[in-house]
Amino acid sequence: MQNFDVIVIGSGIGGLVAGALLAHSGQQVMILESHTVPGGAAQGFSRQGFQFDSGPSFYCGLSDCQGLNPLQQVLTRLGESLATVVYDPLGHYHFPEASLAVYGNRERYQQAIAQFTPQGAVEFAQFEQRLLKVYQGLKEIPAIELRGDWKIIPKLITNYGFSVLKLLPLLGDISSSVGQIVDQTVSDPWVRRLIDLECFLLSGLKAEGTVTPEVAFMLGERNDSTIEYPIGGTQAIVQALVRGLTRFGGKLQLKTHVEKILVKSGKVYGVQSRKGEEFYAPIVISNATIWDTYTHLLNSSDLPQSYRQTALKTPAVDSFMHLHLGIKAERLENLTGHHVVVHDSNLDITIPGNTCMISIPSVWDQNLAPVGYHLIHAYTLEPFLGLKKDEFYAQKKREKAEPLYQAIEKIIPDLRQRITLELIGTPLTHARYLRRYQGTYGPAIAANQGRFPGAFTPIQGLYLVGDSTQPGIGVPAVAASGILCANCLLNRK
Ligand SMILES: Cc1cc2nc3c(=O)[nH]c(=O)nc-3n(C[C@H](O)[C@H](O)[C@H](O)COP(=O)(O)OP(=O)(O)OC[C@H]3O[C@@H](n4cnc5c(N)ncnc54)[C@H](O)[C@@H]3O)c2cc1C
């Protein structure tokens, strides 16, 4: 029996941020993580001297102490910082017709687009201007100050009244989908598809389903801050948060799968692990997905039925096929780190296998691979229900990974002769290692069709963080969800 002020279920970025901020404010925090390593989607793993990322690798503003990235603001508060490599362009989008360099710098990006479509580049600039007004308006309010309850309103008025006034004329754009702004500014079909691709990479949805502030921040940050990769890989971010947590007395216990959230008379009082250990606290924060929390961690009678059913009906973005490779690096001196390959322009970009993301982080940090080698992580969306562990699993796994090999061959034509280590992951692998419902990327809540839920639940003392909650999917967003939750709890009394 162990007592704490706060128990956090899961050490994804959302859980670590909430836990570390609460520990920083003097709360006794225990984070219970099911896996052997922290980080969730952002965890790293090593095989045969290769240090792989399991998920994210695109970042902006990780090391700028004055920057807008919520994760960076949290690290600064915790007294932590990251060593990074700054690079530009962010990556290359490879279409069947040609490749586009995606520069952070606005003018350079527009010039690159103009090589495909001069008129489209003009329209893209108009679209971007609309979004940048939203970015300029929102950026005056630091993410670290935000909170996820009504008390944000007096706080904003008192501390940022002028900034809030400036936002009023932008409310229409802030609450609209990117697709609505595209419809008003862009008719060029090539640029419309490019914007769909940018949105899809961010939210898992095309422009019509993606909320405007998300893309406004992406475009604004790319230009105004730096595009960076953390030395040591994405796990360096996780390690910095864990250091911040423990330095302020917070605890992280790995290999502890929470089986049940303990609730009595509508009030949370702790959790029980799979091994039967009980941990008590008046506050429990779940970093598991909304589907996992409401299906497995609570009894159905703990929640009002209509609330539970509505929450569980939230649509989910598909899962992923993953390919992790170690390859010989000779004669690849000009290799760059990020690529997105669209195999067929006539097919929808969201069709599994058609859009493949590739990250080669050893071009930025050579220590991630043995001397003379590179490591590659490629992934593409794949539905969870398409694969099961039967006698065809091994063969199907190979077939489903084929678009990923072919995508990397666009960058490294003799790829297959170079491979020294090969790991194929399916949605089943993703769900297992990330402990996520159907291995989903996150909720598919389209703009104008609903909002991500906040940190609060109908159970007193039970809160949610992570990509099932506002503001949504992605490392900066889930860091923001941790801030929104922690600040509500800190200023509760
Ligand atoms: C392939 C891929 C690429 C991505 N690329 C990018 C990118 O380039 N840039 C970017 O910003 N974002 C990217 N993202 C998105 C980003 O990584 C995620 O949105 C974010 O990391 C999710 O964090 P989270 O806190 O919501 O939860 P998660 O990462 O899902 O963590 C939840 C944690 O809770 C633990 N847990 C669950 N249930 C229990 C339980 N019952 N008991 C104990 N522990 C439990 C899990 O083991 C896990 O560690 C990518 C995601 C993926 C999958």
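Placed above this text is the structure.
Residues numbered from 1 in each chain as written. Predicted model: local features only at pLDDT ≥ 70, side-chain atom pairs only at ≥ 80, totals over all residues. Heavy atoms only, no water.

### Examining empty space enclosed by the protein
- One pass over the full model with this rule turns up three cavities of 30 Å³ or more.
- Here the largest cavity defines a volume of roughly 50 Å³.
- As for the largest cavity, its lining consists of G148, G454, A455, L464, T469, Q470, S481, L484 and C485.
- It is helix α16 (residues 475-490) that contributes the most residues to the lining of the largest cavity, three residues altogether.
- Its residues assigned to classes, the lining of the largest cavity comprises four nonpolar, five polar and no charged. (1 Å grid on protein atoms, 1.4 Å probe; cavity = no way out; pocket = protein on both sides within 12 Å on 5 of 7 lines; lining within 4 Å. Points joined across faces, edges and corners; volume = space filled by probe spheres on them. Helix = DSSP H or I, 4+ residues; strand = E, 2+ residues; numbered from the N terminus. Nonpolar A, V, L, I, M, F, W, Y, C, P; charged D, E, K, R; others polar.)

### A few points about the environment of C60
- By the element assignment, C60 lies in strand β6 (residues 59-60).
- Looking at C60, the relative accessible area reads 16%, which means it is buried.
- Each C-alpha atom of the pair C60 and P230 lies 10 Å from the other, and the pair is 170 residues apart in sequence. (Buried < 20%, exposed > 50% of the residue type's maximum accessible area, 1.4 Å probe, protein only.)

### Description of the packing of helix α11 (residues 290-297) against helix α12 (residues 305-312)
- Contact pair α11 / α12: the axes reach a minimum separation of 9 Å and the direction vectors enclose 135°. It follows that α11 is oblique to α12 by the angle criterion. For the crossing formed where α11 meets α12, the hand is left-handed. From α11, I290, W291, Y294 and T295 reach across to α12, where they touch Y307, R308, A311 and L312.
- Taken together, the residues of the contact of α11 with α12 break down into six nonpolar, one polar and one charged. (Axes fitted to C-alpha atoms, helices over the stretch in contact; angles between N-to-C directions. Parallel < 35°, antiparallel > 145°, perpendicular 65-115°, else oblique. Left-handed = near helix turned anticlockwise from the far one by under 90°. Contact = heavy atoms within 4.5 Å.)

### Section: the site of the ligand
- In the region of the ligand, 37 residues are neighbours, and G14, E33, A41, R436 and D467 sit closest.
- Within the side chain of R436, one N or O atom sits 2.6 Å away from an oxygen atom of the ligand.
- Surface burial for the ligand is 95%, taken as the share of its 1000 Å² of free accessible area covered by protein chains.
- Breaking the shell around the ligand down by element, the ones donating at least two residues are α1 (13-24), β16 (319-328), α15 (427-434) and α16.
- No other element matches α16, which puts three residues into the shell around the ligand.
- A per-class count over the shell around the ligand returns 17 nonpolar, 16 polar and four charged.
- Shared between two domains, the shell around the ligand takes at least three residues from each, and those domains are domain 1 (2-45 + 60-83 + 230-314 + 444-490) and domain 3 (319-438). (Near = heavy atom within 4 Å. Polar contact = N/O pair within 3.5 Å; in protein donor to acceptor, adjacent residues only side chain to side chain. Areas by Shrake-Rupley, 256 points an atom, 1.4 Å probe, with all protein chains shown as cover. Domains from an automatic or database assignment.)

### Let's talk about the sheet that holds strand β2 (residues 6-9)
- Taken together, five strands build an open sheet; the order of strands is β11-β3-β2-β15-β21 and the sheet is parallel. On the outer flanks of this sheet lie β11 (251-253) and β21 (462-464), each paired with one strand and no other. Pairwise comparison of adjacent strand axes, ignoring direction, gives a mean angle of 20° for this sheet.
- With four bridges joining them, β2 and strand β3 (residues 29-32) adopt parallel strand pairing. If you follow V8 over to β3, its bridge partner there is I31. (Pairing = 2+ DSSP bridges.)

### Focus: unusual backbone geometry
- Note the cis peptide between D88 and P89, where omega equals 5°.
- Here P89 shows up in the loop between β7 (84-86) and β8 (91-94).
- Between Q470 and the following residue, P471, the backbone shows a cis peptide bond with an omega angle of 0°.
- Note on placement: P471 falls in the loop between β21 and α16.
- Residues other than glycine seldom take positive phi values, yet Q438 does so here, at roughly 50°.

### Some remarks on the environment of L252
- The topology assignment puts L252 in strand β11.
- For L252, a relative accessible area of 22% translates into the label partly exposed.
- Note: C-alpha distance between L252 and Q272 (20 residues apart in sequence) is 16 Å.
- Beyond its immediate chain neighbours, meaning those up to four positions away, L252 contacts S11, I31, E33, P38, V242 and L245.

### Observations concerning the sheet that holds strand β12 (residues 258-264)
- Here four strands make up an open sheet; going across it, the order is β1-β14-β13-β12 and the pairing mixed. The sheet is open, and its two borders are formed by β1 (2-3) and β12, each paired with just one other strand.

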